[in-house]
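Here are the chains, one letter per residue:
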There are 2 protein chains.
Amino acid sequence: MAVYTEVTDEALAAFLDEYAIGQAVAFRGIAEGVENSNYSLRTTQGDFILTLYEKRVDPADLPWFLGLMEHLASRGITCPQPVHGRDGAALRQLAGRHAAITTFLPGVWPRRVRPEHCAPVGAALARLHLAGQDYAPTRANALGPAGWPPLLARARETLADAATPEAGSPDAATIGLCDEVQAALGATLAAWPAAGSLPAGHIHADLFPDNVFFLDGRLSGLIDFYFAATDLLAYDIAIALNAWCFEPDYAFNVTKARALLAAYAAVRPLSRAERAALPVLCRGAALRFALTRLFDWINTPPGAMVTRKDPMEYIRRLRFFLTARDEHALGL
Amino acid sequence: MAVYTEVTDEALAAFLDEYAIGQAVAFRGIAEGVENSNYSLRTTQGDFILTLYEKRVDPADLPWFLGLMEHLASRGITCPQPVHGRDGAALRQLAGRHAAITTFLPGVWPRRVRPEHCAPVGAALARLHLAGQDYAPTRANALGPAGWPPLLARARETLADAATPEAGSPDAATIGLCDEVQAALGATLAAWPAAGSLPAGHIHADLFPDNVFFLDGRLSGLIDFYFAATDLLAYDIAIALNAWCFEPDYAFNVTKARALLAAYAAVRPLSRAERAALPVLCRGAALRFALTRLFDWINTPPGAMVTRKDPMEYIRRLRFFLTARDEHALGL
């Protein structure tokens, strides 16, 4: 669920007074998204999304995210656009949170990915990478390779602080998963492409199906740029392969991968080095999601009122990518 | 969160083909509501709500609920209206669930209740009771007094199946709460108004702030009739007093209660017997919500991916109502 912060009607009315978009007609929490509180907002002048940024987002990064969204739109990418208030500002405070209103994007995200979704996703990702090239400010990827070892170390610390678990208990199983992830992490970081060896730029870094809208069978827009960062472009492809190309039983669907990769390369051709690096980048992307989920799993008390996402979903993907000998196994 | 069932885009498109309301333009899960999966649906022809009925709703009751909503609207109550398909049916299947599309209601529910919300709520509740008078079919209230002892007994059985808890542990505290509820339940049922002694009719039975929309300072509509039933009308007032008249620190706000009760009585005068019964009805209403929450609390494994609502919120209300000597203490 994605409503962590409630907004009173008085606070909402006062907030909307800062804008020239009319008064609230409807205001409903959106169940999607896990990092921020999102509301579907209808005013007398149209439809908008109101986002309250929760603790995982660094407020110092918000101008970069909003600037990127405006830059991408100016280069033809359909994505939500920050609405500026009467004072010109797109970012302000509401209910004790940083908050912004963005435009409403029509479309429906695919709850079940079909092969025909994957080519449009690949093409859109490549277009996003090209469109971002002349956005000058950069943002280091806090969840990139340098961030992975500390994430695992902190997860292990929490486990170490707990009592020694019984053999066969859930905690013992979690320690086993940490060991598996640690081994894969060492090998992946050792094989990671050196800085400057692959093209870098601004990546979406979270292009999952719930962030891609389709309408009438065509991709109609991309949303949720709050993990975007400056990193290897091909790493973004690896994230998309993790996100779009596994079946519910964790089988890798090479037909989907081929469609995604071919459509990407038709817009932005991949260098030989990028192709060769794809298997290790895919392992890294699986590790990144396994690690944040493992960290949240270990650090969320079982009684807490939040949904914990299962790290196994990405450990299963990681295991597949560890068996992939080269880029051909991934559809290239 | 209120999306338990995901709907694929193909399934949604096929479902919409059964209606004459156009194709999907946007489709987003709504974070509110705890019993069913609700989606905000925009089509090429307008805005709707798509509801998938989850396991707590008995499918046999759905025609009664939808019929009540249509009946109430025909008598001037603003509430969602079932949209009928090309075949005339308002109820069909989607993603393995019973499902219906209803009209979109503008308005915003009050996240923080102010005294000025309470008179419109009281008046709307009385109008709803009058409007329901000539809706002939009835529905027994499964969560009425007869349903409370079995709910407590089943909660206790689950506790009894577990190991004897340590003194001071959460489970020991839960057993203590069950004892407290059991004592109050016995006294409340003993004092409950006899059948036929108070006016009965169709009640909303869940008129909480998130089910009442306001627009421009006026009540604009009532939603979520899936707990509605045929029961004592004054019991519905007691539920509303529980829902609208407590502060976050569980202090009873008699100003809010007076406003709600006076506005109700201005539309449908309360009999002497109803007034006298209000304290016991309020205790019963607090017990009803304490019991379902206690039951869910005990029967939900701590690791489950659902939000458990704290039963203490209603045990605190119950404790207040146990101190209320007569209806004057409640604002009558």
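Residues numbered from 1 in each chain as written. Chains lettered and ligands numbered in written order. Predicted model: local features only at pLDDT ≥ 70, side-chain atom pairs only at ≥ 80, totals over all residues.

1. A short note on the overall build of chain A
Then step 1. When you go through chain A residue by residue, the secondary structure sums to nine helices and nine strands.
Then step 2. Scaling as 2.2 N^0.38, a compact globule of 332 residues should have a C-alpha radius of gyration of about 20 Å, and chain A matches this with 20 Å.
Then step 3. In terms of principal-axis extent, the alpha carbons of chain A reach across some 55 × 55 × 35 Å.
Then step 4. When contacts within chain A are restricted to residue pairs at least 6 apart in sequence, long-range pairs at least 24 apart make up 73% of them. (Helix = DSSP H or I, 4+ residues; strand = E, 2+ residues; numbered from the N terminus. Rg over C-alpha atoms; globule rule 2.2 N^0.38 Å. Contact = placed C-beta atoms within 7 Å.)

2. Focus: the sheet that holds strand E2 (residues 37–43) of chain A
Residues and elements named next belong to chain A.
Then step 1. The sheet built from five strands is open, its strands ordered E1-E2-E3-E5-E4 with antiparallel pairing. Each of the sheet's edge strands pairs with one partner strand only, and the pair in question is strand E1 (24–29) and strand E4 (92–94). Sheet twist, expressed as the mean angle between neighbouring strand axes with direction ignored, is 35 degrees.
Then step 2. The pairing of E1 with E2 spans five bridges and is classified as antiparallel. Among the inter-strand pairings, Phe27 is bridged to a residue of E2, identified as Leu41.
Then step 3. The strands that helix H1 (residues 9–16) touches are E1, E2 and E4; relative to E1, the one it contacts most, it runs at about 120 degrees. (Pairing = 2+ DSSP bridges. Axes fitted to C-alpha atoms, helices over the stretch in contact; angles between N-to-C directions.)

3. A closer look at the nonpolar core
Then step 1. Leu260 of chain A together with Leu260 of chain B are the most contacted members of the largest nonpolar core, which totals 189 residues.
Then step 2. Leave out the neighbours within four places in its chain, and Leu260 of chain B touches Cys118, Ala119, Val121, Gly122, Ala240, Leu241, Trp244 and Cys245 of chain B. (Core = buried A, V, L, I, M, F, W, Y, C linked by C-beta atoms within 7 Å. Buried ≥ 20, exposed ≤ 12 C-beta atoms within 10 Å, placed from the backbone.)

4. Looking at the environment of His328 of chain A
Then step 1. With respect to the helices, strands and loops of the structure, His328 of chain A is situated in the segment after helix H9 (312–323).
Then step 2. The spacing of His328 of chain A and Val254 of chain A is 74 residues in sequence and 9.6 Å in space, taken between C-alpha atoms.

5. Comments concerning the packing of helix H6 (residues 233–244) of chain B against helix H8 (residues 272–299) of chain B
Residue and element names in this part refer to chain B.
Then step 1. In the contact formed by H6 and H8, the axes pass within 8 Å of each other and the chain directions differ by 60 degrees. Judged by the inter-axis angle, H6 sits oblique to H8. Both H6 and H8 take part in a crossing whose hand is right-handed. Of the residues in H8, those touching H6 at Ala234, Tyr235, Ala238, Ile239, Leu241 and Asn242 are Glu274, Ala277, Leu278, Leu281, Cys282, Gly284, Ala285, Ala286 and Phe289. (Parallel < 35°, antiparallel > 145°, perpendicular 65-115°, else oblique. Left-handed = near helix turned anticlockwise from the far one by under 90°.)

6. A short note on the domain arrangement of chain A
Residues and elements named next belong to chain A.
Then step 1. Split into domains, chain A comes out as domain 1 (9–103) and domain 2 (115–330).
Then step 2. Averaged C-alpha coordinates put domain 1 and domain 2 at centres separated by 27 Å.
Then step 3. With 19 residues of domain 1 at the interface, the matching set in domain 2 holds 17 residues.
Then step 4. When its residues are assigned to classes, the side of domain 1 that touches domain 2 shows nine nonpolar, six polar and four charged. (Domains from an automatic or database assignment. Nonpolar A, V, L, I, M, F, W, Y, C, P; charged D, E, K, R; others polar.)

7. Describing the sheet that holds strand E5 (residues 97–103) of chain B
All names here are of chain B.
Then step 1. One open sheet holds the five strands; their spatial order is E1-E2-E3-E5-E4, and the pairing between them is antiparallel. The strands lining the two open edges of the sheet, one partner per strand, are strand E1 (24–29) and strand E4 (92–94). Going across the sheet, the axis of each strand differs from the next one's by a mean of 35 degrees, ignoring polarity.
Then step 2. When strand E3 (residues 46–53) meets E5, the two strands line up antiparallel, connected through six bridges. The partner of Leu50 across the bridge, within E5, is Ile101.
Then step 3. In this fold helix H1 (residues 9–16) packs onto E1, strand E2 (37–43) and E4, with an angle of close to 120 degrees to the strand it touches most, E1.

8. A short note on helix H4 (residues 148–161) of chain A
All names here are of chain A.
Then step 1. Under the 1.5 Å per step criterion, the end-to-end length of H4 is 20 Å for 14 residues, consistent within 8% with the ideal 20 Å.
Then step 2. Those residues of H4 that fall on the buried side of the exposure criterion are Trp148, Leu151 and Ala155. For H4, the angular spread of the buried residues around the axis is 70 degrees, confining them to a single face. Along H4, exposed side chains directed more than 90 degrees from the buried face belong to Pro150, Ala153, Glu157, Ala160 and Asp161.
Then step 3. Contact partners of the buried residues in H4: helix H5 (170–191) and helix H8 (272–299). (Expected span 1.5 Å × (residues − 1). Arc of directions from axis to C-beta.)

9. Let's talk about the environment of Asp236 of chain B
Residue and element names in this part refer to chain B.
Then step 1. Among the structural elements, Asp236 can be located in helix H6.
Then step 2. Asp236 gets classed as buried once you count the C-beta atoms within 10 Å, which come to 26.
Then step 3. The spacing of Asp236 and His204 is 32 residues in sequence and 6.8 Å in space, taken between C-alpha atoms.
Then step 4. Setting aside residues no more than four positions away along its own chain, Asp236 makes contact with Leu125, His129, Ile203, His204, Ala205 and Leu207.

10. Details of the pairing of E5 of chain B
Residues and elements named next belong to chain B.
Then step 1. Bridging between E4 and E5 involves three bridges; their strand directions are antiparallel. By the bridge assignment for E5, Arg92 is matched with Ala99.
Then step 2. Connecting E4 to the next strand, E5, in antiparallel fashion are two residues, including Ala95 with a positive phi near 50 degrees.

11. Concerning the confidence of the model for chain A
Then step 1. Put simply, chain A has an average pLDDT of 92, and 96% of its residues get 70 or more.
Then step 2. The ipTM assigned to the predicted complex is 0.78, against a pTM of 0.86. (pLDDT = per-residue confidence, 0-100.)

12. Considerations on the packing of helix H5 (residues 170–190) of chain B against H8 of chain B
Residue and element names in this part refer to chain B.
Then step 1. Where H5 contacts H8, the two axes come as close as 10 Å, and the packing angle between them is 150 degrees. Classified by the angle their axes make, H5 and H8 are roughly antiparallel. In this structure, H5 crosses over H8, and the sense of that crossing is left-handed. Counting all contacts with H5, which are made through Thr174, Leu177, Cys178, Val181, Ala184, Leu185 and Thr188, the residues of H8 involved are Val280, Arg283, Gly284, Leu287, Ala290, Leu291, Leu294 and Ile298.
Then step 2. By residue class, the composition of the contact of H5 with H8 is 11 nonpolar, three polar and one charged.

13. Details of the pairing of strand E7 (residues 212–215) of chain A
Then step 1. Relative to strand E8 (residues 218–222) of chain A, E7 of chain A runs antiparallel, the two being bridged by four bridges. For Val212 of chain A, the partnering residue across the bridge sits in E8 of chain A and is Leu222 of chain A.

14. What to know about unusual backbone geometry
Then step 1. Of note in this structure, Ala205 of chain A is not a glycine but carries a positive phi near 75 degrees.
Then step 2. Structurally, the position occupied by Ala205 of chain A is in the loop between strand E6 (200–203) and E7.
Then step 3. Here Ala205 of chain A falls in the buried class, since 21 other C-beta atoms lie within 10 Å of it.
Then step 4. At Asp216 of chain B, a residue that is not glycine, the phi angle is positive and equals roughly 50 degrees.
Then step 5. Structurally, the position occupied by Asp216 of chain B is in the loop between strand E7 (212–215) and strand E8 (218–222).
Then step 6. According to the C-beta neighbour criterion, Asp216 of chain B is exposed, with 10 such atoms within 10 Å.

15. Things to note about the environment of Ile203 of chain B
Then step 1. Its place among the elements puts Ile203 of chain B in strand E6 (residues 200–203).
Then step 2. Between the alpha carbons of Ile203 of chain B and Ala173 of chain B there is a distance of 34 Å; along the sequence they are 30 residues apart.

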